[in-house]
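# A look at the structure
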Amino acid sequence: MNPFIALQALFILSAFLVFIPQDSLADEREIKTAYPLERGMKFSDFPRLVQLAENVYGYEDIRAPGFTTVSMFVVGDSGVLLADGQESPAAMKRLLKSIADVTDRPLKWYVVGSDHEDHTGGNSALPDGVTYIVHPRSLANLDWARQKKKVHIP
């Protein structure tokens, strides 16, 4: 899969999810918060994988102090594009296992949409050879975090 095409698909899907009238998605309004208990969920409901569209998945895991970190991945013909990681190597390994449960295609691209540690703290668990797609300002933040030993980037 061409990373540019994957990014276009990601953008289109994001725009669709943001701009579609909420009433057309569900009869009841969903509480929008990272705190699962406020959404009527239990910590035992996580990690969870949600298929958003054909070959597009959302992944959500619990992190301290009891809220979630969300990632997304797209399965393409030649590999997987992951958008945002998880907060620790252990959490990233759970995400990678969920990807492996869906497909045997390799993880090839990693989009850093958020350079905060809750999405990048597990970067050291990513397989070798993954292509990072990062904005230069985010890359500067990640370089700073790497110097402080908070995050791994190749």
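Here the structure is a predicted model, which means the values were calculated and not measured.

### Observations concerning the environment of Leu 126
Within the secondary structure layout, Leu 126 lies in the loop between α3 (117-120) and β6 (131-133). With 33 residues separating them along the chain, Leu 126 and Lys 93 place their C-alpha atoms 8.0 Å apart. Setting aside anything within four residues of it in sequence, one finds Leu 126 in contact with Leu 82, Met 92, Leu 96, Leu 107, Tyr 110 and Tyr 132.

### Observations concerning the packing of aromatic side chains
Each pair of aromatic rings is reported with the distance of its centres and the angle of its planes. Counting across every chain of the model gives 3 aromatic pairs. For the pair Tyr 35 and Phe 67, a centre-to-centre distance of 5.4 Å together with 65° between the ring planes defines the contact as edge-to-face. In this pair, Tyr 35 sits in the loop between α1 (3-19) and β1 (48-53) while Phe 67 sits in strand β3 (residues 67-75), placing the two residues 32 residues apart along the sequence. Taking relative accessible area as the criterion, Phe 67 reaches 17% and is therefore assigned buried. Their ring planes at 20° and their centres at 5.0 Å tell us that Tyr 57 and Phe 73 sit as a pair that is stacked. Of this pair, Tyr 57 sits in strand β2 (residues 56-63) while Phe 73 is found in strand β3, placing the two residues 16 residues apart along the sequence. Assigned by exposure class, Tyr 57 and Phe 73 land together as buried.

Cut-offs and rules
- Residues numbered from 1 in each chain as written.
- Predicted model: local features only at pLDDT ≥ 70, side-chain atom pairs only at ≥ 80, totals over all residues.
- Heavy atoms only, no water.
- Helix = DSSP H or I, 4+ residues; strand = E, 2+ residues; numbered from the N terminus.
- Contact = heavy atoms within 4.5 Å.
- Phe/Tyr/Trp six-rings, centres within 6.5 Å; stacked < 30°, edge-to-face > 60°.
- Buried < 20%, exposed > 50% of the residue type's maximum accessible area, 1.4 Å probe, protein only.

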